[in-house]
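# Structural overview
So you can see what is in the structure, the chains are spelled out below.
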Amino acid sequence: MNKTFEVEESNSVSRREFFKKTASVSAVAATSIIAPTTLLADDENIMHHTKWGTSLGDEVNKNPYGVPSLYEHNVVRRTSPLMSSAGDMHAAISMTPLHALKGIITPNGLHFTRTHNGVAHIDPNKYRLMIHGLVEKPIVLTLDQLKRYPSETRVLVLECPSNSAAEWKGPQFGTLQMVKGMMACAEWTGVRLKTILDELGLKPEAKWMLAEGSDGSEMSRTLPIEKVLDDVMVVYAQNGEALRDEQGYPVRLMAPGWEANLCVKWLKRLEFGDKPWYAKEETSKYTALTASGKAIQHFYANEVNSVITSPCPEKDWKDLKVGDLVEIEGLTWTGHGTIEGVDISFDGGKNWVEAQLKGLVLPKAWTRFSYMYKYEGKPLLLQSRAYDDSNNVQPTVNQEKAVVGVEGVYHRNAIVTWKVTDNGEVSNVQIRS
Amino acid sequence: MFKLDRKLVTIAGVALVGVTLALSTTTAKTATADVAGSLYKSKPGAIDGGVTYPRENGTYTAYKYNEQSTKGVSFGRTPTANEIKAWDIDALPDGSGLPEGEGSVELGDELYEAQCAVCHGDFGAGGQGYPQLTGGNKDKDENGVIITLKNQRVYGSTDAPKRTIGTYWPVATTLFTYIRDAMPYAHPKSLSNDEVYAITAYLLAQDGIVEDDDEYVLNKEKLSKVVLPNRNGFYPNIDGPNAQEDIRAFFADRAKNLGAGTRCMTDCKDPGGQDGKTEPFVVKIKYEMSDVVPPYAYAKDLPPKKDDGLQHPGKEGYESNCAVCHKTDAMGAPAVGDKHAWEATLKQGIDKVYHNTINGKGGMPPKGGTSLSDDKVKEIVDYMIEASK
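## Some points on the environment of Thr80(B)
Residues and elements named next belong to chain B. Along the chain, Thr80 turns up in the loop between strand 2 (51-52) and helix 3 (81-87). The exposure class assigned to Thr80 is exposed, which follows from the 11 C-beta atoms found within 10 Å. In this structure, the C-alpha to C-alpha distance between Thr80 and Lys315, residues 235 residues apart in sequence, is 58 Å.

Here you go:
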């Protein structure tokens, strides 16, 4: 309503007078869009000229690099002291606002980001990538030289293995963004590593590759050669433009389907060796301690997973009335292959129906699923359960807990439950024993 | 694991398209051979002169890639020996790659107190919110598993498993490279190799892994021989010639090793608990973590205006109402920024300028055609004069 009054002030006095008289009924009208025939007054948004229709807009290139509508200013990444060391936001993680996204491509500015020593800012002119170790012909490349190699583009999900780490022992966060937002999906362009390696003469004893970043944390990880020669890429573009600094500008590793920590940012060096390195982020961290007292190391692919994005705590059903036909929509992904399908339960996992996939269904990428539901205004325990072409079915909380316990931190893919109350409120709960 | 969709593509030519789409459907019966070729099934006669693609069996799309050979593509140059030496400073668990140098527990103590304790606590005991480095019970069970690592904060156990160097880390060389490459946190790579050996010695001494004696000096040879208590606490095996096959076998049995669901569709049971019998129930959030940054907000409204006191109050009104004519002199109006034009205008006195603006002059309608208040118009005039000085 306030904005409408602003319009009036900048236009004509007579209209402002009119609104003073009709404001009270219009307030009701504006909130009653579902039943036009019962309106007390006509919608002022229709009956009168708007501010934007009666004034000159911005010059065409006011923002040479475009920015979102100012009205979308709340659609941002969010973090929490819990996602950091002692509240320090240099070694922390910021989450994608999944509730506000559509389709399978995450805008670059909203892509989740995790840093171990702050966001590095690399001068591309001083950037060098060295590939050496057990190769006949080690090389060093500038950024321009790397870009001379034939490029490949793939839509790929990146998920931090800590996604949902706060939820192992019970529900903790009250929003989709904080429960599942350590992931995003983008179109990545770069060079398939095999294309470069074909000319370097990889020695037969080369079994492992060390990927090392150049930021203050010198993030490094070891990958097995089989994956390296399969689909690993060295990428420099994200959704058509250069990588963002937060994503490792100018170059990061991309190991499709594997935990994002392996996709080393600010990539500096690839070394081939005959033994694994036991780098700090594959020993002291990023190993999943199970209830046996032993920990899973070299935990590569992210598991089959899914979450309902509409409704969700941020996008509830409070505006629905009984009988409305509404779409239940969600995201599903697997690091092992391609999503085959998703089932939906309304009763906390006792009974299930098949949802449908929609849009692009690509390997190791987000896939959308959809189910048309007639809203009944009754309480629900809403769940989604994905399965993929690698024979994986998403586990319940109990099924996952029974095997790995609750102290593993990493690779949690248990079914998410949204509790929907009879008035359409949505909250994060877990079905567990 | 090790899923080779690239190989699938290589073997089946352009069949990635077909594979992707066939697998994408919710039921296998809808897979079609039509999409395995180079083009999708299409119908001519679209309104734009092109074709339309049918939406059938829930599919609609494609990926392709260049199949020409990339053999011979080669850019870049060979790095010099010095360049490789400068960057290839990693160390393996057997100590290869560790630099020369040495450092005592005593020096390590001094350095730790000065540079590390502020985050990691006295003696590495934690408490400042950053990782605890030392301490934790290292007692093992009959199978050689560190008992406290089995702690689960459900089933009645309230102690979290402690993941310190002594209880959890598999190899000690990692400690050296971690400190050298990434510590101190705010000034990584500022310590000499000798200092890193000293701090490494100090931390290992706190857990009795090396001699807890000020005189103890750690170097490459000694660090190579250190065996941490939890060396065998990890799986699958990643060492030796069978490593990759061991990993493959581990991830092949994901249901057993990682947990898996079942596609039960009706009347499904989901027992849990330690006995595998406990009925599930709904667990709500007990203490919601809601201190997020920035705070939760979902309104589609304008962000609060940042009033830094720097923007002239008339600037915005000028830009939205007056700039179209006054930005240049193309319309015959004095252009904002044109010092001489405004000096000439102001010769008639500011009150006259206000008057003309409010009442109109020549081609300019009263108030520039706006319905702004007189005061607002004057503010804009002030801005235009200010911006033209």
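## Concerning the pairing of strand 9 (residues 220-224) of chain A
Residues and elements named next belong to chain A. Among the five residues of strand 9, five are classified as buried, and the element is accordingly described as predominantly covered. Burial along strand 9 is two-sided: the residues Ser220, Thr222 and Pro224 and Arg221 and Leu223 are all buried. Bridge count between strand 8 (residues 208-213) and strand 9: five bridges; the pairing is antiparallel. Of the residues in strand 9, the one forming a bridge with Leu210 is Thr222. Counting the residues that bridge the hairpin from strand 8 to strand 9 gives six residues, and of these Glu218 lies at a positive phi of roughly 50°.

## Points about the interface of chain B and chain A
Contacts between the two partners involve 105 residues from chain B, matched on the other side by 123 residues from chain A. Contributing elements (two or more residues each) for the side of chain B that touches chain A: helix 1 (5-12), helix 2 (16-24), helix 3, helix 6 (173-182), strand 5 (234-235), helix 9 (243-252) and strand 6 (281-283) of chain B. When residues in the side of chain B that touches chain A are grouped by element, the largest group, six residues, is from helix 6 of chain B. For the side of chain B that touches chain A, the residue count by class is 53 nonpolar, 29 polar and 23 charged. For strand 24 (residues 426-432) of chain A and strand 6 of chain B, the ladder comprises three bridges, and the chain directions are antiparallel.

## Observations concerning the packing of helix 4 (residues 105-115) of chain B against helix 7 (residues 193-206) of chain B
Residue and element names in this part refer to chain B. Where helix 4 meets helix 7, the closest approach of the two axes is 7 Å, and the angle between their N-to-C directions is 95°. One finds that helix 4 runs roughly perpendicular with respect to helix 7. Of the residues in helix 7, those touching helix 4 at Val105, Leu107, Gly108, Asp109, Leu111 and Tyr112 are Glu195, Ala198, Ile199, Ala201, Tyr202 and Ala205. In the contact of helix 4 with helix 7, the residues fall into nine nonpolar, one polar and two charged.

## Some details on unusual backbone geometry
The amide bond that connects Tyr249(A) to the next residue, Pro250(A), takes the cis arrangement and shows omega of 5°. Here Pro250(A) lies in the loop between strand 11 (241-242) and strand 12 (252-254). Of note, the amide linkage connecting Tyr235(B) to Pro236(B) takes the cis form, showing an omega dihedral of -5°. With respect to the secondary-structure elements, Pro236(B) resides in the loop between strand 5 and helix 9.

## Structural notes on the sheet that holds strand 17 (residues 325-333) of chain A
Residue and element names in this part refer to chain A. If you trace the four strands from one edge of the open sheet to the other, you get 16-17-21-20, paired in antiparallel fashion. Edge positions in the open sheet fall to strand 16 (305-310) and strand 20 (356-358), since each of these has one partner strand only. Strand-to-strand twist of the sheet, defined as the mean angle between neighbouring strand axes without regard to direction, takes the value 35°. Bridge analysis of strand 16 against strand 17 gives five bridges, and the strand direction is antiparallel. When the bridges of strand 17 are listed, Val307 appears paired with Leu331.

## Describing the sheet that holds strand 24 of chain A
Taken in spatial order, the six strands line up as 19(A)-18(A)-22(A)-23(A)-24(A)-6(B) in an open sheet, and their pairing is antiparallel. Each of the sheet's edge strands pairs with one partner strand only, and the pair in question is strand 19 (353-354) of chain A together with strand 6 of chain B. As paired strands, strand 23 (residues 417-420) of chain A and strand 24 of chain A are joined by four bridges and run antiparallel to one another. Paired with Val420(A) across the two strands is Val426(A), which belongs to strand 24 of chain A.

Conventions adopted
- Residues numbered from 1 in each chain as written.
- Chains lettered and ligands numbered in written order.
- Predicted model: local features only at pLDDT ≥ 70, side-chain atom pairs only at ≥ 80, totals over all residues.
- Helix = DSSP H or I, 4+ residues; strand = E, 2+ residues; numbered from the N terminus.
- Buried ≥ 20, exposed ≤ 12 C-beta atoms within 10 Å, placed from the backbone.
- Pairing = 2+ DSSP bridges.
- Contact = placed C-beta atoms within 7 Å.
- Nonpolar A, V, L, I, M, F, W, Y, C, P; charged D, E, K, R; others polar.
- Axes fitted to C-alpha atoms, helices over the stretch in contact; angles between N-to-C directions.
- Parallel < 35°, antiparallel > 145°, perpendicular 65-115°, else oblique.

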